[in-house]
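Spelled out, the chains give:
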Amino acid sequence: MTISVKNVRFDETTMWVELSDGRVMGVPLAWFPRLLNASAKDRRDYELSKRGIHWDALDEDISVDGLLAGCGDVTHVPHHVA
């Protein structure tokens, strides 16, 4: 069985993702800086696919597999200060 996203909603700090298997995941917006810094209107302008969520205007794609693995945005790897 392939798990897909059924619905997405947001509050001040969290993206709530409802999955086809009945689970609802709360994911910190801090994991996805583009979403964190986006307007509420831009956050709502997403498309669902079998593999995840896409925001065309924000150039953001989040896969179901990545969410289930607990992965945030891996586009920008932070520099560690020694």
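Predicted model only: the values in this text are computed from it and were never measured. (Residues numbered from 1 in each chain as written. Predicted model: local features only at pLDDT ≥ 70, side-chain atom pairs only at ≥ 80, totals over all residues. Heavy atoms only, no water.)

Help me understand the pairing of strand 3 (residues 24-28) in this model?
For a regular strand, the rule is simple: side chains alternate between the two faces of the sheet. Burial along strand 3 is one-sided: the residues Met25 and Val27 are buried and none of Val24, Gly26 and Pro28 is. Hairpin connection, strand 2 (residues 14-19) to strand 3: the antiparallel pair is bridged by four residues, and glycine 22 has positive phi, about 100°. (Buried < 20%, exposed > 50% of the residue type's maximum accessible area, 1.4 Å probe, protein only. Helix = DSSP H or I, 4+ residues; strand = E, 2+ residues; numbered from the N terminus. Pairing = 2+ DSSP bridges.)

Would you explain the nonpolar core in this entry?
Considering soluble globular proteins, one finds that nonpolar side chains tend to be buried as a cluster. Within the largest apolar cluster, 17 residues are counted, with the highest numbers of intra-cluster contacts made by Met15, Leu35 and Leu67. Elements that contribute at least two residues to this core include exactly strand 1 (5-10), strand 2, strand 3, strand 5 (52-55) and helix 3 (64-68). With three residues, strand 2 is the largest single contributor of residues to this core. (Core = buried A, V, L, I, M, F, W, Y, C linked by side-chain atoms within 4.5 Å.)

What is the right way to look at the pattern of salt bridges in this model?
A side chain of one charge can pair with a side chain of the opposite charge if their charged atoms are brought near each other. A full pass over the atoms with the stated rule returns three salt bridges. Ionic pairing is found between glutamate 60 and arginine 34, a salt bridge with its closest N-O pair at 3.8 Å. With a gap of 26 residues between them, glutamate 60 in strand 6 (residues 60-63) and arginine 34 in helix 1 (residues 33-36) connect regions that are remote in the sequence. (Salt bridge = Lys/Arg side-chain N within 4 Å of Asp/Glu carboxyl O.)

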